[in-house]
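The primary structure of each chain is shown beneath.
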Amino acid sequence: MEKTELKQYTDFLLKETETLLNIDSPTGYTEEAAAWVKEEFEKLGFDAKITNKGGVLVSFGGEDKENGLLLEAHLDTLGGMVAEIKGNGRLRLTNLGGMNPNNAETENVRVITKFDGTYEGTFQLCNASIHVNGEYNDTKRDWDTCEVVLDEDVKEKKDTEKLGIAVGDIVCFEPNVRITKSGYIKSRFLDDKLSVGILLGLAKYMQENRVIPKRALYAHITVFEEVGHGGCGNVPEGCTEAISVDMGCVGEGLECTEKQVSICAKDSGGPYSYPVVRGLIEAAKNSGADYAVDIYPHYGSDVEATLGAGNDLRHGLIGAGVYASHGYERSHRDGAENVLRLLIAYAL
């Protein structure tokens, strides 16, 4: 399969990814993003439904109903939640998922109140003026030393409370999406919205080429992956295998680059099913997908939550290479296309 054959689908999935990245969806606040994803799969002609948990379950059809394959990706992201309205009217946060204050400092945020709309602000070090704070460089950045400075005229706690801001409100960090002429994709939360875009690209490929999968094929777009239980439920009857389509790790000691599809052999939860890993490698070779096989030292996936819930499944993990995970992340269109190429070869 020549790479040019997939260019239109890669173009499509990148546009879908960009749109989704700009819909706020930190863990616990995913309704709008899930509704958008459901509608996009329906536009492509596939049955999709919102689960009780808030995810999106999609059926792509398929011939063998007793040997189904479930693809899992997640649309929930990192974020914050108001933990305290401070005496000066600013906000102390608690993290949602693995949001790290070190790489979130100076980022623009949106505070989503429960009943009184949205307010903008910036996540800053407390006493953030370097001309005033002599300990600026030495201060450890954490959730107690950083705060949200609201873009409102607030000077004390009661001013902020009058806006309707309260403990438990969601705080969304600006993704800052950028796709360069050279094909790099830069944004917060490519983990895992890029994979959702890839699955939409796969759906478009099936639709336009009238492909019926050899075995029943499903997608579960989960919404609590970042806190560990996204893939615990909603495994369709007849599924014998599940593959998490998440981010591939790029970093020291690993082979994968942002232009490749990563096939994970083992992560912090242990090894993935050896027959699945072997089958993914064979499919990558046969399809011409540029791939790497790696072990992720600090990683857990939806599919491990699926197995942890007691499901009897073979399992695997693949994803486009992503650098600077859980920070300002970067991947490349070639990496996304290689994931798509592998999925076409393996799942269809």
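None of these values were measured; they are calculated from a predicted model.

## Regarding the packing of aromatic side chains
Then, in step 1: Counted according to the given criterion, the structure contains 6 aromatic pairs.
Then, in step 2: Judged by centre distance (4.7 Å) and plane angle (45°), the rings of Tyr296 and Tyr299 are tilted. In this pair, the class of Tyr296 matches that of Tyr299, namely buried.
Then, in step 3: Through a chain of ring-to-ring contacts, three or more aromatic side chains come together here, namely Phe41, Phe46 and Phe60.
Then, in step 4: We note Arg141 situated over the ring of Tyr136; from NZ or CZ to the ring centre the distance is 4.8 Å.

## Here we look at the nonpolar core
Note on soluble globular proteins: their nonpolar side chains tend to be buried together.
Then, in step 1: In terms of nonpolar packing, the biggest core is built from 99 residues, with Phe41, Leu199 and Ile318 touching the most fellow members.
Then, in step 2: Sorting elements by how many residues they give to this core places helix H5 (residues 190-209) first, with 10 residues.

## Description of the pairing of strand E7 (residues 118-125)
Look at any regular strand and the pattern is simple: side chains alternate between the two faces of the sheet.
Then, in step 1: Relative to E7, strand E6 (residues 108-112) runs antiparallel, the two being bridged by 5 bridges. Note that in E7 the partner of Val109 across the bridge is Gly121.
Then, in step 2: From the end of E6 to the start of E7, which pair antiparallel, there are 5 residues, and Gly117 there has a positive phi angle of about 85°.
Then, in step 3: Two strands pair when backbone bridges link them, and E7 and strand E8 (residues 146-150) are joined in this way by 5 bridges, in the antiparallel orientation. Within E8, the residue paired with Gly121 across the bridge is Leu150.

## Description of the packing of helix H1 (residues 7-21) against helix H8 (residues 333-347)
Axis angle and axis distance: for two packed helices, these are the angle between their axes and the distance between the axes, and together they describe the pair.
Then, in step 1: Where H1 contacts H8, the two axes come as close as 10 Å, and the packing angle between them is 115°. As far as their axial angle goes, H8 and H1 are roughly perpendicular. Between H1 and H8 lies a crossing whose hand is right-handed. Contacts between H1 and H8 involve Lys7, Tyr9, Thr10, Asp11, Leu13 and Leu14 from the first element and Arg333, Ala336, Glu337 and Leu340 from the second.
Then, in step 2: Residue composition of the contact of H1 with H8, grouped by class: 5 nonpolar, 1 polar and 4 charged.

## Comments concerning the pattern of salt bridges
Between side chains of opposite charge, a pair can form as their charged atoms come close.
Then, in step 1: Under the criterion given, the structure shown has 20 salt bridges.
Then, in step 2: For Glu258, the salt bridge is made with Arg330, and the minimal N-O distance between the two is 2.6 Å. With Glu258 in the loop between strand E14 (248-250) and strand E15 (261-267) and Arg330 in strand E19 (residues 329-332), this residue pair connects regions lying 72 residues apart in the sequence.
Then, in step 3: Its relative accessible area of 10% is what places Glu258 among the buried residues.
Then, in step 4: Among the residues examined, Arg330 registers a relative accessible area of 30% and is labelled partly exposed.
Then, in step 5: In the salt-bridge network here, residues are joined through shared partners; they are Lys7, Asp11 and Arg333.

## Some thoughts on unusual backbone geometry
Then, in step 1: Of the consecutive residues Asp191 and Asp192, the connecting peptide bond is found in the cis state with omega at 10°.
Then, in step 2: For Asp192, the location among the structural elements is in helix H5.
Then, in step 3: Phi angles above zero are rare outside glycine, and Asn127 is one such case at about 55°.
Then, in step 4: Within the secondary structure, Asn127 is located in the loop between E7 and E8.
Then, in step 5: Despite not being glycine, Arg210 has its phi angle at roughly 50°, a positive value.
Then, in step 6: Tracing the backbone shows Arg210 in the loop between H5 and strand E12 (215-222).

Basis of the calculations
Residues numbered from 1 in each chain as written. Predicted model: local features only at pLDDT ≥ 70, side-chain atom pairs only at ≥ 80, totals over all residues. Heavy atoms only, no water. Phe/Tyr/Trp six-rings, centres within 6.5 Å; stacked < 30°, edge-to-face > 60°. Buried < 20%, exposed > 50% of the residue type's maximum accessible area, 1.4 Å probe, protein only. Lys NZ or Arg CZ within 6 Å of the ring centre and 35° of its normal. Core = buried A, V, L, I, M, F, W, Y, C linked by side-chain atoms within 4.5 Å. Helix = DSSP H or I, 4+ residues; strand = E, 2+ residues; numbered from the N terminus. Pairing = 2+ DSSP bridges. Axes fitted to C-alpha atoms, helices over the stretch in contact; angles between N-to-C directions. Parallel < 35°, antiparallel > 145°, perpendicular 65-115°, else oblique. Left-handed = near helix turned anticlockwise from the far one by under 90°. Contact = heavy atoms within 4.5 Å. Nonpolar A, V, L, I, M, F, W, Y, C, P; charged D, E, K, R; others polar. Salt bridge = Lys/Arg side-chain N within 4 Å of Asp/Glu carboxyl O.

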